[in-house]
Amino acid sequence: MSDTLHTLAGACQHSEDIKKSRFLAQAAPVQTPEQALAFVRQVGDPAATHNCWAYRIGQDYRFNDDGEPGGTAGRPILQAIEGQGIDLAVVVVTRWYGGIKLGAGGLVRAYGGTAAECLRRAERVPIVAMARLGMRCDFAELALLKARLRELEAEITREDFGAEGVDLEILLPAHRVDEAQARVTDISRGRHAARRLD
């Protein structure tokens, strides 16, 4: 299995009926804990019995059992996220109680299983580590430099024109940094260098 983490391409959902209770998992990509909690508030149903959730954003994670016995809902949802190799995501599993108690093991399987199936069905995109570089170039080299950096999937995030040339900041996949630095040096014939800003 690859070590590459993935995030969700967009919001998704999956529902299951388990012993007369209805479980609805809803997941979405997020960048910050604030976005994750906003999604929880947005999709949680106040009329439901429980709205349990978990998110993972890098090393930052949280989960909530929303009244279910401790460890039977939020943690299994988080384990589903981690078990699928997903990051930068939030999952809310809403339960409408149907009258039959599931027991601790049944709750773990219901919440974790519904979350896992939702994530299994979701469209995913790989998470690519990004790097930020700063550099200067002469006016005459700008068009060529931009074209050569685009070949490396670089995005220009800042462009400042001055009397001596152009100062650029670019964002690109971290594994392309050495190539980008070599191209800046080649195009400028050693007069300019790209430096890491992060």
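These numbers were taken from a predicted model, which means no experiment stands behind them.

By the definition in use, this model includes 14 salt bridges. Of the charged contacts in the structure, one is a salt bridge between Asp167 and Arg136, with a shortest N-O distance of 2.9 Å. In this pair, Asp167 is assigned in strand β10 (residues 166-173) and Arg136 in strand β8 (residues 130-137), connecting sequence segments 31 residues apart. Connected through shared salt-bridge partners, Glu117, Arg120 and Arg121 make up one network.

Our next topic: the sheet that holds β10. One open sheet accounts for four strands, arranged β9-β10-β8-β11; its pairing is antiparallel. Of all strands in the sheet, those bounded by a partner on one side alone are β9 (155-161) and β11 (195-196). Summarising the sheet, β8 and β10 pair through eight bridges and their orientation is antiparallel. From the neighbouring strand, Ala131 faces β10, where its bridge partner is Leu172. Packed on one face of the sheet, helix α5 (residues 177-187) meets β8, β10 and β11 and runs near 5° to β8.

Conventions adopted
- Residues numbered from 1 in each chain as written.
- Predicted model: local features only at pLDDT ≥ 70, side-chain atom pairs only at ≥ 80, totals over all residues.
- Heavy atoms only, no water.
- Salt bridge = Lys/Arg side-chain N within 4 Å of Asp/Glu carboxyl O.
- Helix = DSSP H or I, 4+ residues; strand = E, 2+ residues; numbered from the N terminus.
- Pairing = 2+ DSSP bridges.
- Contact = heavy atoms within 4.5 Å.
- Axes fitted to C-alpha atoms, helices over the stretch in contact; angles between N-to-C directions.

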